Each structure stands twice: as C-alpha cells, then as structure tokens.
Amino acid sequence: MDPATIIGLVIAFGSLYAMITLEGAHVQAILLPAPMVLVFGATIAVGIAGGTLKDFFHAVKALPRAFVGKTTPPQQIIDRVVALAEKARSEGLLSLEQEASESKDPFTKKALQNIADGIDGEELRDLLEDEISARTTSERSAAKFFTTLGGYAPTVGIIGTVVSLTHVLENLSSPDTLGPMIATAFVATLWGLLSANFIWLPIGGRLKRLSDIELSRMTLLMEGLLAVQAGSQPRLLGERLQAMIPDEKPKADKGQKQSKADKKLTAA
C-alpha cells in the first residue's frame, strides 16, 4: 500500500484547518449544508451527465484504489522473470504451466499458460498488447472522470454564490444581516475550489499515475516473458530489463561517467 494520497489529503486539510484557526475563525463557518449539497451533488451530477452510467460506476469502483493502490517494485518483477527464465532453460517451457497455475496475477498467468501451450511469439505479443491496451483504457477512464469533476466543481461553486447573492439583494432592507449572508454566499465558491483542488483533481491524478505504473509493469512483464519464450539467457535478460527501468538510467549514466573519468586518470 502506498499512502501518498492519504498523507497528502490529511496535510492539505490540516493546513486549511490551521489557517482557519490562526485567523480566529471557526470551522463551522464553512461547514454549511446548503452550499456543500449544491457543490458536491451538482458536480457529481454534471459529471455523470457528461459521460455514461458505466463510466460513473467504474469510477466509483476504482475510487478505493486511489487510497490503497499497491505498486510492485520493478526489481521484484525482474527477479521473478529471471527466475522463470532459469527454470525454462533447465526444465523446458512446459514447466511454466505449473508457474501459471500458482500465479495470482491474471496477466502473468495468461502469458505463462500461453507460453506453455506453445503459442507463437508474435501471436502472444499481439494478445498481451491488446490486454494492456484494454486495461489501460479502462483505468484511465476512471481517472478522467474525477479530473472532469475537478473542472466542473469551481464553476458549480460560483453558481451557488450567485444564487446566494441574489437572495442577499432581496434583503437589502435588513443591513444587519447583510454581512453574514454575504459571507455565507461565498462559502459555495470556497467549496467549489476546495473540492476541486483537495479532492477531485488529486484523486484523478493519483489514478492516472497508478495507471502509468501498471502500464510500465505489464510492459516489463510482457517483454521479459516473451524473451523467456525465445530462450534468452537469464543474466542478459536481467540486464536488458534493468535498462528498461527509467529510474535506473541516471545511475547507469553516472557510473559510465565515473568509469570514463577513471580511465582518463589511469591514462594520465
């Protein structure tokens, strides 16, 4: 579990609470039911109206993943693929059928089963690429839904403020109540901006990031398992997969620069 979203939201709302307290105000001043109902209710409603019910239900289903989504370290994937390559070279590709039955990851399970069944490499690549594309499209549709809500929320908040200010103008004969009424009117705008930047956009961005990580994981697995099917040497396969990890490239470049520097010193 990666608690980045939970930590970020707690700090964000904590900062808001600290500001309200330091200003000498009270949290109850912004916890008004009417603007909150309008902002959250209308924002979700227009989000549904802009898509399909299937998009909405899919986004709701994906919501927990934004908070408890797990990520697999690339090195763990590489170690797993190298182990499979060693087993395939020593026991044959048919031995991967047992690994397929024990795998809990559907993508890995399908790939290993097809390798054990002797499917052609090009056909297997097409099959895996289609699955990667379908899953990525599905995950990004959920991220897009929440990002869209982040675009609607501020405008809905402004609508709520305009409605409240219209009510204020109807009561100009009571100047004693104008101050509190105007303050209440702007709470809708506050919740529009707050919900967009503290809730919807972070959740959409988190789901998008998890989708990118999953895409990288599946691509790394696909290339590794196709190489296992082709009979690649395990050590060389591990080095090839290592080179596919973006975070490792700066380290490699740094090491290469150091090696060049050492060679110059040696030559001198």
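Bear in mind that the values here come from a model prediction, so they are computed numbers and not experimental data. (Residues numbered from 1 in each chain as written. Predicted model: local features only at pLDDT ≥ 70, side-chain atom pairs only at ≥ 80, totals over all residues. Heavy atoms only, no water.)

Remarks on the environment of Ala196
Thought 1: For Ala196, the location among the structural elements is in helix 8 (residues 178-230).
Thought 2: For Ala196, a relative accessible area of 1% corresponds to the buried category.
Thought 3: A C-alpha to C-alpha distance of 9.1 Å links Ala196 and Phe146, two positions 50 residues apart in sequence.
Thought 4: Each residue touching Ala196, except ones within four places of it in the same chain, is listed here: Gly150, Ala153, Pro154, Leu201 and Pro202. (Helix = DSSP H or I, 4+ residues; strand = E, 2+ residues; numbered from the N terminus. Buried < 20%, exposed > 50% of the residue type's maximum accessible area, 1.4 Å probe, protein only. Contact = heavy atoms within 4.5 Å.)

Focus: the side chain of Asp105
Thought 1: The residue Asp105 is located in the loop between helix 5 (96-102) and helix 6 (106-116) in this model.
Thought 2: The exposure class assigned to Asp105 is buried, which follows from its relative accessible area of 18%.
Thought 3: Not counting residues up to four positions away in its chain, the partners in contact with Asp105 are Arg217 and Leu221.

Remarks on the pattern of salt bridges
Thought 1: Overall, the coordinates contain 14 salt bridges when judged by the stated rule.
Thought 2: The shortest N-O distance in the salt bridge between Arg125 and Glu223 comes to 3.1 Å. Placement of Arg125 in helix 7 (residues 121-169) and of Glu223 in helix 8 is noted, with a sequence separation of 98 residues between them.
Thought 3: On the accessibility criterion, Glu223 (13% relative accessible area) is buried.
Thought 4: Linking Asp212 and Lys208 is a salt bridge whose minimum nitrogen-to-oxygen distance equals 3.0 Å. In this pair, Asp212 and Lys208 are both assigned in helix 8, 4 residues apart and thus about one turn of the helix distant.
Thought 5: Under the relative-accessibility criterion, Asp212 is labelled partly exposed at 21%.
Thought 6: Shared partners join several salt bridges into a network, and the residues in it are Asp105, Lys110, Glu131, Arg135, Glu214 and Arg217. (Salt bridge = Lys/Arg side-chain N within 4 Å of Asp/Glu carboxyl O.)

Topic: the nonpolar core
Thought 1: Counting 27 residues, the largest nonpolar core has Val81, Leu96, Phe107, Leu225, Val228 and Leu237 as the members making the most contacts within it.
Thought 2: At the level of elements, helix 4 (74-91), helix 5, helix 6, helix 7, helix 8 and helix 9 (234-243) are the ones that each hand at least two residues to this core.
Thought 3: The residues contacting Val228, other than those within four sequence positions of it, are Val81, Leu84, Ala85, Ala88, Leu93, Leu96 and Leu237.
Thought 4: In terms of nonpolar packing, the next biggest core, distinct from the first, is built from 15 residues, Ala142, Leu149, Ala196 and Ile203 among them. (Core = buried A, V, L, I, M, F, W, Y, C linked by side-chain atoms within 4.5 Å.)

A look at the side chain of Ser195
Thought 1: Structurally, the position occupied by Ser195 is in helix 8.
Thought 2: When its relative accessible area of 1% is taken as the criterion, Ser195 is described as buried.
Thought 3: A polar contact is formed between the side chain of Ser195 and the backbone oxygen of Trp191, at a distance of 2.8 Å.
Thought 4: Within the structure, Ser195 has its side chain in polar contact with the backbone oxygen of Gly192 (distance 3.2 Å).
Thought 5: Aside from chain neighbours lying at most four places away, what touches Ser195 is Val39, Phe40, Ala153 and Trp200. (Polar contact = N/O pair within 3.5 Å; in protein donor to acceptor, adjacent residues only side chain to side chain.)

Quick word on the environment of Pro180
Thought 1: In this fold, Pro180 is placed in helix 8.
Thought 2: Measuring from C-alpha to C-alpha, the distance between Pro180 and Ala29 comes to 9.8 Å, with 151 residues separating the pair along the chain.

Topic: the packing of helix 6 against helix 7
Thought 1: The N-to-C vectors of helix 6 and helix 7 enclose an angle of 170°; their axes lie 11 Å apart at closest approach. When the axes of helix 6 and helix 7 are compared, the pair comes out roughly antiparallel. In terms of crossing hand, the pair formed by helix 6 and helix 7 is right-handed. Residues Phe107, Lys110, Ala111, Asn114 and Ile115 of helix 6 form the contact with helix 7, whose own contacting residues are Leu124, Leu127, Leu128, Glu131, Ile132 and Arg135.
Thought 2: Of the residues that constitute the contact of helix 6 with helix 7, the class distribution is 7 nonpolar, 1 polar and 3 charged. (Axes fitted to C-alpha atoms, helices over the stretch in contact; angles between N-to-C directions. Parallel < 35°, antiparallel > 145°, perpendicular 65-115°, else oblique. Left-handed = near helix turned anticlockwise from the far one by under 90°. Nonpolar A, V, L, I, M, F, W, Y, C, P; charged D, E, K, R; others polar.)

Topic: helix 7
Thought 1: Look at helix 7: 73 Å from first C-alpha to last across 49 residues, which is about the 72 Å you get at 1.5 Å a residue.
Thought 2: Residue Tyr152 marks the point of greatest curvature in helix 7, where the axis turns by about 30°; the proline Pro154 follows within four residues.
Thought 3: Here helix 7 starts with a cap whose side-chain oxygen sits 3.0 Å from the backbone nitrogen of Glu122, and that cap is Asp120. (Expected span 1.5 Å × (residues − 1). Bend = angle between axes of the 7 residues up to and from the residue.)

Quick notes on the packing of aromatic side chains
Thought 1: Inspection of the entire model under this criterion finds 7 aromatic pairs.
Thought 2: Between Phe56 and Phe57, the ring centres sit 5.4 Å apart and the planes meet at 55°, which makes this aromatic pair tilted.
Thought 3: On the basis of relative accessibility, which here comes to 53%, the residue Phe57 falls in the exposed class.
Thought 4: Judged by centre distance (5.7 Å) and plane angle (85°), the rings of Phe145 and Phe146 are edge-to-face. Of the two residues, Phe145 and Phe146, both sit in the buried class. (Phe/Tyr/Trp six-rings, centres within 6.5 Å; stacked < 30°, edge-to-face > 60°.)

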